[in-house]
Amino acid sequence: MCRKTERENWEHVIAVTNRKLTARPYMEQIERICLKRPEAVLVREKDLSEEEYGRLASEVYAICKRYEVPCIYHTFVQAAREAGAAAIHLPLPLLRKYGGKKGLPEFPVIGASVHSLEEAKEAELLGVSYLTAGHIYQTDCKKDLKPRGLGFLREVCQSVSVPVYAIGGIHMGSGQMEEVMQAGAAGGCVMSGAMRV
């Protein structure tokens, strides 16, 4: 019974990686995340070169595949292409640069990060499969920026027809996942909680 409840807690979660937040060996941490059965693992290691990222992400991809958890590549389109990845997540400027879905036909799933209602609408027109919208709560990643809050999230969710995932300061077991889903989100992105699980 407890195991089922725990799994349900993670079924609307996109686990976002950050190798600087884990005390364990990175791949061991990825395995622990996959055991939670999140909706997906988003490999977001933006400080690496594309070559370094490609090597790291291919190992993550293999672990995710073993656990049947979708693996989403972030930013590095060529690395995702070489791996045969099904999913890519891009900042909006990169999504524009590639021409959206038309320029990335090999990816069945394309996500984009948005920080305003206008960006959300533009990303939808560019053919994304889902959006991450944030940051919703106060987060150490953006200490100096005021969170956009649940009102912003609700507005984005009501204005687009693709699934929206809240990002920024979401902690498991805090009630925040329930709050973002009540605001219309399909789920939430969790970084620090995922890397320390």
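Residues numbered from 1 in each chain as written. Predicted model: local features only at pLDDT ≥ 70, side-chain atom pairs only at ≥ 80, totals over all residues. Heavy atoms only, no water.

K.L.:
When you look at the pairing of strand E1 (residues 13-16) in this model, what are you seeing that I'm missing?
P.N.:
Consecutive side chains along a regular strand alternate between the two faces of the sheet. Side chains of E1 alternate between two faces, with Val13 and Ala15 and Ile14 and Val16 buried alike. In the sheet, E1 pairs with strand E8 (residues 187-190) via three bridges, with the strands oriented parallel. The partner of Ala15 across the bridge, within E8, is Val190. Two strands pair when backbone bridges link them, and E1 and strand E2 (residues 40-43) are joined in this way by three bridges, in the parallel orientation. Across the sheet, residue Val16 finds its bridge partner in E2, namely Leu42. At this point the chain moves from E1, through helix H2 (residues 26-35), to the parallel E2, and the crossover so formed is right-handed. (Buried < 20%, exposed > 50% of the residue type's maximum accessible area, 1.4 Å probe, protein only. Helix = DSSP H or I, 4+ residues; strand = E, 2+ residues; numbered from the N terminus. Pairing = 2+ DSSP bridges. Right-handed = clockwise from strand over helix to strand, strands pointing away.)

K.L.:
It is not clear to me how the packing of aromatic side chains should be interpreted in this structure. Could you clarify?
P.N.:
Each aromatic ring pair is specified by the distance between its two centres and by the angle formed by the two planes. Scanning the model with the defined rule gives four aromatic pairs in all. With centroids separated by 4.7 Å and ring planes inclined at 45°, the aromatic side chains of Tyr53 and Phe76 adopt a geometry described as tilted. You can see Tyr53 sitting in helix H3 (residues 50-67) and its partner Phe76 sitting in the loop between strand E3 (71-74) and helix H4 (77-83), a full 23 residues away along the chain. The pair formed by Tyr53 and Phe76 is uniform in burial state, with each residue classed as buried. Aromatic side chains Tyr130 and Tyr165 sit 5.9 Å apart centroid to centroid with 90° between the ring planes, which places their arrangement in the edge-to-face category. Remark: Tyr165 occurs in strand E7 (residues 164-167) and Tyr130 occurs in strand E6 (residues 130-134); sequence separation between them is 35 residues. Assessed through its relative accessible area of 7%, Tyr130 is described here as buried. Classification of Tyr165 by relative accessible area gives buried; the value is 6%. One aromatic cluster in this structure is built from Tyr53, Tyr61, Tyr73 and Phe76. (Phe/Tyr/Trp six-rings, centres within 6.5 Å; stacked < 30°, edge-to-face > 60°.)

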